[in-house]
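An overview of the molecular structure
Below, each chain spelled out in residue letters.
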Amino acid sequence: MSDVVIQTNAITKTYESGSNSVHALRGIDLTVHRGEFIAVMGQSGSGKSTLMNVLGCLDTPTSGNYLIDDVHVETLNKNELAAIRNEKIGFVFQGFNLLARTSALENVELPLLYDRSGRKRDSRAMAIAALERVGLADRVNHQPSELSGGQQQRVAIARALVTEPALILADEPTGNLDSRTSIEVMSLFQALNEQGITVLLVTHEPDVAIYAKRIVEFRDGRIRRDEPVKNRRNAAEDLANAEVLDDDIMAPVIAPAATVAVAGGVA
Amino acid sequence: MKLMTLVKLALQAIRKNKMRATLTMLGIIIGVAAVIVMVAVGYGARSRIKEQINNLGTNMIVITPGASATGGVSQGAQAFATLTVDDATKIRNEAQYVTAISPVVATRMQVVAPSGNWRTSINGVDIDYQTIRNWTTSDGAFFGPDDVRSAHTVAVLGRTVAQRLFPNSDPVGQEVQIGKVPFTVVGVLSPKGQTAAGTDSDDVILVPYTTASSRLSGRARIPQIIASAASQQDIPAAQDEVRALVRESHKLTQGDDDDFTVKNQNELADAAASSTDVMTMLMAAIASISLLVGGIGIMNIMLVSVTERTREIGIRLAIGARGSDVLTQFLVESIVMGVIGGAIGLLVGYIGAKVLGHFTGWETVISPVIMIISIGFSGAVGVFFGFYPARKAAAMNPIQALRYE
Ligand SMILES: Nc1ncnc2c1ncn2[C@@H]1O[C@H](COP(=O)(O)OP(=O)(O)OP(=O)(O)O)[C@@H](O)[C@H]1O
Ligand SMILES: [Mg+2]
């Protein structure tokens, strides 16, 4: 097996709504290697979510082809796609997408119930372990409506990683979080990435993107920029520093790095 | 997914919408309860009829003219098929397993008494009739062997006839005119009540069969000969014997079919009770229409539920559920709803049948078979009416389902 996890060739996605058609993606060529940590950036409406849905085997492109682990996704039937979604990919949605009136534990356990490989025996214990990893061991029996936005986001992340996928796709996982919680979430992704999991995440915030290894920027359905992150930061260290300092003093700590990233974006 | 997980999931979904689920199940509950009550009443009627026929007499065997209908095709021999007094005499003289026998020479005539007149059935019988039918007199006495031998004009009145003809006086010893022949009343029978067919058994006059043949109009026929076997165990042997003797009496040779039918009491009871089966089926069929309506209710709610839970379906599909997983989830949900509804309906029907029986005096019989069938049937209703909504859910595209508002 090669170390290319994702390869897309000239992927386009056109939405036909009434008389006019929206070109959400206009030809995306993207190669992602095992162990990468990519931040996908770009203006609102530039096609980031559309690409994530295609990569997550939730949506099909209008044209172009997509290989995941050297398998042509176009050739797979519905059940094979379901198996890929279940086993290979952990997806964190832009709007959490947790089951309402269902406990955090049961939400996280859900993907394991659809596992057909037979590897995941003790789904309950695995779900609890995943919740512990995102720091929610004490919220196991809470329903989404009883959790804060950040906690819901972490439940969604726990659900994505409970199946131990090789690839995590996260669409704005820090979108609704304050800066401190964002860093906590990023340190989680960094830790997962260190364990060998490939991570793609969409974000608007340059301060979040600097924890990734590579930035891909979108504009109008095309990739405008694709380059490694300079001055990459370690989220765990930033958190540790923030522990020592006061919350107010934390902003300057991460601000310089953010400026660098934004400057890079403009260039 | 494991079945247990699916059932748990279904129960959770039902619990989340208690009110709605209850109203949906109400259709099934009413349907099943209606079927249970109808069948209970029908079975009650059946068992009452059987009981009545079994009360007709002791170890009774009935010989009727004509081949039994079981062959389907009616034989030509039937045209000549009549029972005669000679058949009865032959059985009386030669049969070993038969302890009592009496022909029934039947006619209907106008009966006149000084204080009233009445049209009724006149049955010419032998003295054994009392034993076979287990029917004794409450006033006076039955006629004796002498009366039969000499064809005396004596009569025993059924209770109804006695009341009609002699409303204010004791009929015993008085005279009645049957047709043009005057008869002396020697006794009044004890009351028997309704027959299985719903007619009045006490609306009858018994006379010696010899008198009936010789003195009453020529229209008299012998619709049956009744006999008693020595004991319960002897009934089959007695039936065989009677059959052989009547064949002999009718001079039937080896290849000929019987031109008469020999039945025992149980067979008669079954035959009579089977007439209620059609009625029971009909009532159950009408009741099951409400079950059908209940099923449509389930389908309606499942369709609403699928639309309402589109996002949930999208989430499940997005994290790797197959279409078939979603299908079974919704199918199990509607089956669980059907079965719970069926179980509650069973309980309601059971209580309903008991209450109805209590207030109307009707006998109601609830068989375990019908219980199992009704639960199974409501499950099947769940499958049938849940399938379309479940398939609709399973066919969803994950991304469209997730975007659904
Ligand atoms: N189902 C749809 N039908 C029609 N147009 C759509 C549909 N989904 C997305 N689009 C359009 O496609 C374009 C790209 O949308 P997409 O959701 O990928 O943007 P995005 O980069 O994720 O934006 P944001 O940062 O706001 O989440 C937008 O112009 C949007 O209007
Ligand atoms: Mg988006």
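For the structure, see preceding data.
Now for a quick tour of the structure. Quick caveat, the model's predicted, so the values are computed rather than measured.

Turning our eyes to something else, we now look at the overall build of chain A. In terms of regular secondary structure, chain A is built from nine helices and 10 strands. Scored against the burial criterion, the 267 residues of chain A give a buried share of 53%. Contacts in chain A between residues at least 24 apart in sequence constitute 71% of all its contacts with a sequence separation of at least 6. Approximately 11,500 Å² of chain A is accessible, and the part contributed by carbon and sulfur atoms is 49%.

Once that is clear, we can look at the overall build of chain B. Regarding its fold elements, chain B presents 13 helices and 10 strands. On C-alpha atoms alone, chain B measures out to a radius of gyration of 32 Å, which is more than a quarter above the 22 Å that the 2.2 N^0.38 rule sets for 405 residues. Counting only C-alpha atoms and orienting by the principal axes, one finds that chain B spans roughly 105 × 60 × 35 Å. Within chain B, buried positions represent 46% of all 405 residues. Long-range contacts, defined as pairs at least 24 residues apart, comprise 79% of the intrachain contacts of chain B with a sequence gap of at least 6.

This next bit is on unusual backbone geometry. A positive phi is found at Asp220 of chain A, a non-glycine position, where the angle reads about 50°. Here Asp220 of chain A is to be found in the loop between strand S9 (214-219) and strand S10 (222-228).

Neighbouring ligand 1 are 15 residues; Ser44, Gly45, Lys48, Ser49 and Thr50 of chain A lie closest to it. One chain alone does not account for the residues near ligand 1; they come from chains A and B. Between ligand 1 and the protein, one listed contact pairs an oxygen atom with a side-chain N or O atom of Ser44 of chain A at 2.5 Å. Here an oxygen atom of ligand 1 and a backbone polar atom of Gly45 of chain A are 2.8 Å apart. Elements that contribute at least two residues to the shell around ligand 1 include exactly strand S2 (20-33) and helix H1 (48-55) of chain A.

Right, let's get into the interface of chain B and chain A. Taken together, the contact pairs 27 residues of chain B with 24 residues of chain A. The interface formed by chain B and chain A includes one salt bridge. A salt bridge links Asp325 of chain B to Arg116 of chain A; the nearest nitrogen and oxygen atoms lie 2.8 Å apart. Where chain B meets chain A, there are nine residue pairs in polar contact (both at pLDDT 80 or more). For the side of chain B that touches chain A, the elements supplying multiple residues, two or more each, are helix H1 (3-16), helix H10 (310-318), helix H11 (323-360) and helix H13 (398-403) of chain B. Looking at which element gives the most residues to the side of chain B that touches chain A, the answer is H10 of chain B, with six residues. Looking at the side of chain B that touches chain A residue by residue, the class counts come to 12 nonpolar, seven polar and eight charged.

Residues and elements named next belong to chain A. Pairing is mixed in the open sheet, where six strands are placed in the order S6-S7-S8-S3-S9-S10. Taken across any chain shown, the strands that pair with only one partner, and hence form the sheet edges, are strand S6 (89-92) and S10. The sheet shows a mean angle of 15° between the axes of neighbouring strands, taken without regard to direction. Against the sheet, helix H6 (residues 179-194) touches strand S3 (37-42), strand S7 (167-171) and strand S8 (198-202), its axis set at about 155° to S8.

What follows covers the coordination of the magnesium ion (ligand 2). The magnesium ion (ligand 2) binds to the protein through Ser49 of chain A (OG) and Gln94 of chain A (OE1), with metal-donor distances spanning 1.9 to 2.6 Å. Here Ser49 of chain A is found in helix H1, whereas its partner Gln94 of chain A is found in the loop between S6 and helix H3 (104-113), with 45 residues between them in sequence.

This brings us to the pairing of strand S2 (residues 98-113) of chain B. Residue and element names in this part refer to chain B. S2 sits mainly inside the fold: 12 of its 16 residues count as buried. Relative to strand S9 (residues 221-229), S2 runs antiparallel, the two being bridged by seven bridges. Residue pairing for S9: Ser102 is matched across the bridge by Ile226. Pairing of S2 with strand S3 (residues 116-125) involves nine bridges; the strand directions are antiparallel. What sits directly across from Val111, in S3, is Trp118. A loop of two residues connects S2 with S3, the two strands running antiparallel in sequence.

Residues and elements named next belong to chain A. Two elements in contact, helix H4 (residues 123-133) and helix H5 (residues 149-161), have axes whose closest approach is 9 Å; the angle formed by their N-to-C orientations is 130°. As judged from the angle between their axes, H4 and H5 are oblique. Considering only the axes of H4 and H5, their crossing is right-handed. Of H5, the residues touching H4 (which contributes Ala130, Leu131 and Arg133) are Val155, Ala158 and Leu161. For the contact of H4 with H5, a count of residues per class yields five nonpolar, no polar and one charged.

Cut-off values and rules
Residues numbered from 1 in each chain as written. Chains lettered and ligands numbered in written order. Predicted model: local features only at pLDDT ≥ 70, side-chain atom pairs only at ≥ 80, totals over all residues. Heavy atoms only, no water. Helix = DSSP H or I, 4+ residues; strand = E, 2+ residues; numbered from the N terminus. Buried < 20%, exposed > 50% of the residue type's maximum accessible area, 1.4 Å probe, protein only. Contact = heavy atoms within 4.5 Å. Areas by Shrake-Rupley, 256 points an atom, 1.4 Å probe, with all protein chains shown as cover. Rg over C-alpha atoms; globule rule 2.2 N^0.38 Å. Near = heavy atom within 4 Å. Polar contact = N/O pair within 3.5 Å; in protein donor to acceptor, adjacent residues only side chain to side chain. Salt bridge = Lys/Arg side-chain N within 4 Å of Asp/Glu carboxyl O. Nonpolar A, V, L, I, M, F, W, Y, C, P; charged D, E, K, R; others polar. Pairing = 2+ DSSP bridges. Axes fitted to C-alpha atoms, helices over the stretch in contact; angles between N-to-C directions. Donors = N, O, S within 2.8 Å, 3.2 Å for Na, K, Ca; no water. Parallel < 35°, antiparallel > 145°, perpendicular 65-115°, else oblique. Left-handed = near helix turned anticlockwise from the far one by under 90°.

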